[in-house]
Amino acid sequence: MDIEILIKNGIVTHWLGNNEDVSDLFRNLTKQITRGVSNFYYSDLCQQLNDYCNSTCRKNKTILSLLIPSRYIEYLRTLPQLLIYGWATDQQEKFFHLQLK
């Protein structure tokens, strides 16, 4: 029995009588526990964490971070900002050009 190994190594000590009673005690500890309950206190947080871990965006981001050095990712992040700035500047020039006429 497993309980004999635990007692022999000093992990479990008991005053229940025999080792079979200790085995029964451990076996009966989980009888009232239901598995698969989805309405416990942290269920929403666990669901959000699972959704995040399973999201393709996070997986793609992880793959990109492994394949592309971080300095290139920073360059890619500034590219849309530069494009927007260029577009806004062009629109501003057109606006002022129309007002001057």
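Since this is a predicted model, take the numbers as computed values, not measurements. Sequence positions are assigned chain by chain, starting from 1 and proceeding in written order. This being a predicted model, a pLDDT of at least 70 is required before a residue's local features are given, and a value of 80 or more before pairs of side-chain atoms are given or counted; all residues contribute to the totals for chains, interfaces and linings. The side-chain values count all of the structure's non-hydrogen atoms but skip hydrogen atoms and water molecules.

Side note on the overall build of the protein
Right, on to step 1. Helix and strand counts for the protein stand at five helices and zero strands.
Right, on to step 2. Accessibility throughout is a Shrake-Rupley quantity obtained with a 1.4 Å probe, and a residue counts as covered only by protein chains that appear here. Of the roughly 9600 Å² of accessible surface on the protein, a fraction of 60% belongs to carbon and sulfur atoms. In this text, helices come from DSSP runs of H or I with a minimum length of four residues, and strands from runs of E with a minimum of two, each type numbered from the N-terminal end.

Topic: the packing of helix 3 (residues 43–54) against helix 4 (residues 56–67)
Right, on to step 1. For helices, the fitted line uses only the C-alpha atoms of the stretch in contact; every axis is such a line through C-alpha atoms, and the angle between N-to-C directions lies from 0 to 180 degrees. At a minimum axis distance of 5 Å, the contact between helix 3 and helix 4 shows a crossing angle of 50°. Here helix 4 runs oblique to helix 3, going by the angle between their axes. For the pair helix 3 and helix 4, contact is made by Tyr52, Cys53 and Asn54 and by Thr56, Arg58 and Lys59, respectively.
Right, on to step 2. Per-class residue counts for the contact of helix 3 with helix 4 are two nonpolar, two polar and two charged. Convention used here: angles under 35 degrees read as roughly parallel, angles over 145 as roughly antiparallel, angles from 65 to 115 as roughly perpendicular, and any remaining angle as oblique. Any two residues whose heavy atoms approach within 4.5 Å are treated as being in contact. Under the convention adopted here, Pro, Cys and the residues Ala, Val, Leu, Ile, Met, Phe, Trp and Tyr are nonpolar, Asp, Glu, Lys and Arg are charged, and Gly plus all remaining residues are polar.

Comments concerning the pattern of salt bridges
Right, on to step 1. Here, a salt bridge means any side-chain nitrogen of Lys or Arg that lies within 4 Å of a carboxyl oxygen of Asp or Glu. Following the criterion strictly, the structure yields two salt bridges and no others.
Right, on to step 2. Ionic pairing is found between arginine 27 and glutamate 20, a salt bridge with its closest N-O pair at 3.9 Å.
Right, on to step 3. Under the relative-accessibility criterion, glutamate 20 is labelled partly exposed at 35%.
Right, on to step 4. Note that arginine 27 and aspartate 24 form a salt bridge whose closest N and O atoms lie 2.7 Å from each other. Linking arginine 27 with aspartate 24, this pair stays in helix 2 (residues 19–28), spanning three residues, or about one helical turn.
Right, on to step 5. Among the charged side chains, a network of salt bridges with common partners joins Glu20, Asp24 and Arg27. Classification of residues uses two cut-offs on accessible area relative to the type maximum, computed with a 1.4 Å probe and protein chains only: under 20% is buried, over 50% is exposed, and between them is partly exposed.

A word on the confidence of the model for the protein
Right, on to step 1. Residue-level confidence of the predictor is summarised by pLDDT, bounded by 0 at the bottom and 100 at the top. Scored by pLDDT, the protein comes out at a mean of 76, with 83% of its residues at no less than 70.
Right, on to step 2. The secondary-structure element of the protein with the lowest mean pLDDT is helix 5 (residues 70–100), recorded at 73, while helix 3 shows the highest, at 84.

Some words on the environment of aspartate 2
Right, on to step 1. Secondary-structure assignment places aspartate 2 in helix 1 (residues 2–8).
Right, on to step 2. Sequence separation of aspartate 2 and serine 23 is 21 residues, and the distance between their C-alpha atoms is 8.2 Å.

Focus: a nonpolar patch on the surface
Right, on to step 1. Without a salt bridge and with relative accessible area above 30%, a residue can belong to a patch; like charges are then joined within 9 Å and nonpolar side chains (Val, Leu, Ile, Met, Phe, Trp, Tyr) within 5 Å. Residues Leu16, Leu25, Phe26 and Leu29 make up a contiguous nonpolar surface patch of roughly 390 Å² in combined accessible area.
Right, on to step 2. Along the chain, the position of leucine 29 falls in the loop between helix 2 and helix 3.

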